[in-house]
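Chain by chain, the residues run as shown.
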Amino acid sequence: MIAEFLEWLQHTSIAVSVSEVWFPVVESFHVVTMAIVAGTIFIVDTRLVGLTSTRLPFSYVSDRMLPWTWGAFACSVVTGTLMFMSNATGYYDNTPFRLKMGLLLLAGVNMLCFQKVTFRRVSEWDSGRPPPAARLAGLISLALWCAIIGSGRWIGFILD
Amino acid sequence: MTLIGFSHWLSSTPLSQVIQRTHGAIASIQVVHIICLATLVGLALSLSLRVAGRGFTAEPLSSLAGRFVPAMWVCLCALAVSGSLLIIAEPFRTIRNPMFYTKMSLLLVAIVLTLWVSSVARREPERATLPRIAVAALYMLVWFGIIVAGRFIAYR
């Protein structure tokens, strides 16, 4: 059933148009928005780890950066979906692609855990040194996003 | 020596041969290149927003630039090293590719604009005038253009 859906998806007019004409442009936009996502996350996470922008409260840094992160992420989802559609069966079977999706999920879980647990008491550490749990969340996030970039680059090397 | 001749020579150097023959080396260098690029984009965006009177407004522009501009130069050095290794490993992909020279031209513009931002940051008073906002927006477009040109190297 999945195979039939993927076959149908990659034969839609949008998918064919991306595959035959627009892929380089869509992919380039994906890399631009990915750079904004990762770059802004690096600024927030290095603050969370306590390495940079330590004179600014953590909540201030994240409030100023994360709208850009989410906006760029939404654009990445759109461009990523278009690329996936252009070769749905190929990407679905691609190991680095599956790894990238898994890593994105883990990054989301890491963020959710941080928001629900550590961030609730942010007023206690906002302007000071973040607690170990916060620093760990920041380190995990940095590692995950580097791995997401890595797996994203590997997709093209193995894609059918 | 022609460009083709230079590419042949470069491709035959020991360093090029090591990178070419090491499984995953080129991809790994590219990943480092992209991570450095993303870091630089985050810094550039924060700085551009600040020049435009947005973003980290709680910090004086001179202070923010004093932290972010040196970090951007470090990223650029890392990009130059990783980029050079990629050229050495695959000279035929870049040296005769017009898109590579487009990227390098845009990079030159980006470096000039980085120097301009650094200079603006030292001036008092810090005002988000319309020309400054326009140049800050252009600054980001140039970085995005560098990314697009870099991706298009593979398609030419």
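To be clear, the structure that these remarks concern was listed above.
Because the structure is a prediction, the values reported are computed rather than measured. (Residues numbered from 1 in each chain as written. Chains lettered and ligands numbered in written order. Predicted model: local features only at pLDDT ≥ 70, side-chain atom pairs only at ≥ 80, totals over all residues.)

K.L.:
I'd like a description of the interface of chain B and chain A, backed by residues and values.
P.N.:
Contact with chain B, which involves 22 residues of that partner, is made by 22 residues of chain A. Secondary structure elements with two or more residues in the side of chain B that touches chain A: helix H3 (25-51) and helix H7 (130-152) of chain B. A per-element tally of the side of chain B that touches chain A places H3(B) first, with 12 residues. Residues that form the side of chain B that touches chain A fall into these classes: 15 nonpolar, 5 polar and 2 charged. (Contact = placed C-beta atoms within 7 Å. Helix = DSSP H or I, 4+ residues; strand = E, 2+ residues; numbered from the N terminus. Nonpolar A, V, L, I, M, F, W, Y, C, P; charged D, E, K, R; others polar.)

K.L.:
Let's hear about the packing of helix H2 (residues 14-21) of chain B against helix H4 (residues 61-89) of chain B: which residues, and what values?
P.N.:
Residue and element names in this part refer to chain B. In contact at an axis separation of 8 Å, H2 and H4 are set at 90° when each is read in the N-to-C sense. It follows that H2 is roughly perpendicular to H4 by the angle criterion. Across the interface between the two elements, Leu15, Ser16, Ile19 and Gln20 from H2 touch Leu85, Ile88 and Ala89 from H4. By residue class, the composition of the contact of H2 with H4 is 5 nonpolar, 2 polar and no charged. (Axes fitted to C-alpha atoms, helices over the stretch in contact; angles between N-to-C directions. Parallel < 35°, antiparallel > 145°, perpendicular 65-115°, else oblique.)

K.L.:
Outline the environment of A:Thr40, supporting the account with residue identities and numerical values.
P.N.:
Tracing the backbone shows A:Thr40 in helix H2 (residues 13-48). For A:Thr40, a count of 28 C-beta atoms within 10 Å gives the class buried. Along the primary structure A:Thr40 and A:Trp68 are separated by 28 residues, whereas in three dimensions their C-alpha atoms are 7.4 Å apart. Apart from residues lying up to four places away in sequence, A:Thr40 is in contact with A:Met65, A:Trp68, A:Thr69, B:Gly42 and B:Leu45. (Buried ≥ 20, exposed ≤ 12 C-beta atoms within 10 Å, placed from the backbone.)

K.L.:
Provide a residue-level description of the nonpolar core, including the pertinent values.
P.N.:
A:Ala35 and B:Ala44 are the most contacted members of the largest nonpolar core, which totals 62 residues. Breaking this core down by element, the ones donating at least two residues are H2, helix H3 (58-86) and helix H6 (132-158) of chain A together with H3, H4, helix H6 (98-122) and H7 of chain B. Of all the elements, H3(B) adds the most residues to this core, at 14 residues. Among all residues touching B:Ala44, those that are not within four sequence positions of it are B:Met72, B:Tyr139, B:Met140 and B:Trp143. In terms of nonpolar packing, the next biggest core, distinct from the first, is built from 8 residues, A:Val18, A:Met85, A:Ala88 and A:Phe97 among them. (Core = buried A, V, L, I, M, F, W, Y, C linked by C-beta atoms within 7 Å.)

K.L.:
Give a detailed account of the packing of H6(A) against H3(B), specifying residues and quantitative values.
P.N.:
Contact geometry for H6(A) and H3(B): axes closest at 9 Å, N-to-C directions at 135°. Taken together, the axis directions place H6(A) and H3(B) in an arrangement best described as oblique. In terms of crossing hand, the pair formed by H6(A) and H3(B) is right-handed. The residues of H3(B) that touch H6(A), namely those facing A:Cys146, A:Ile149, A:Gly150, A:Arg153, A:Trp154 and A:Phe157, are B:Ala27, B:Gln30, B:Val31, B:Ile34, B:Ile35 and B:Ala38. Its residues assigned to classes, the contact of H6(A) with H3(B) comprises 9 nonpolar, 2 polar and 1 charged. (Left-handed = near helix turned anticlockwise from the far one by under 90°.)

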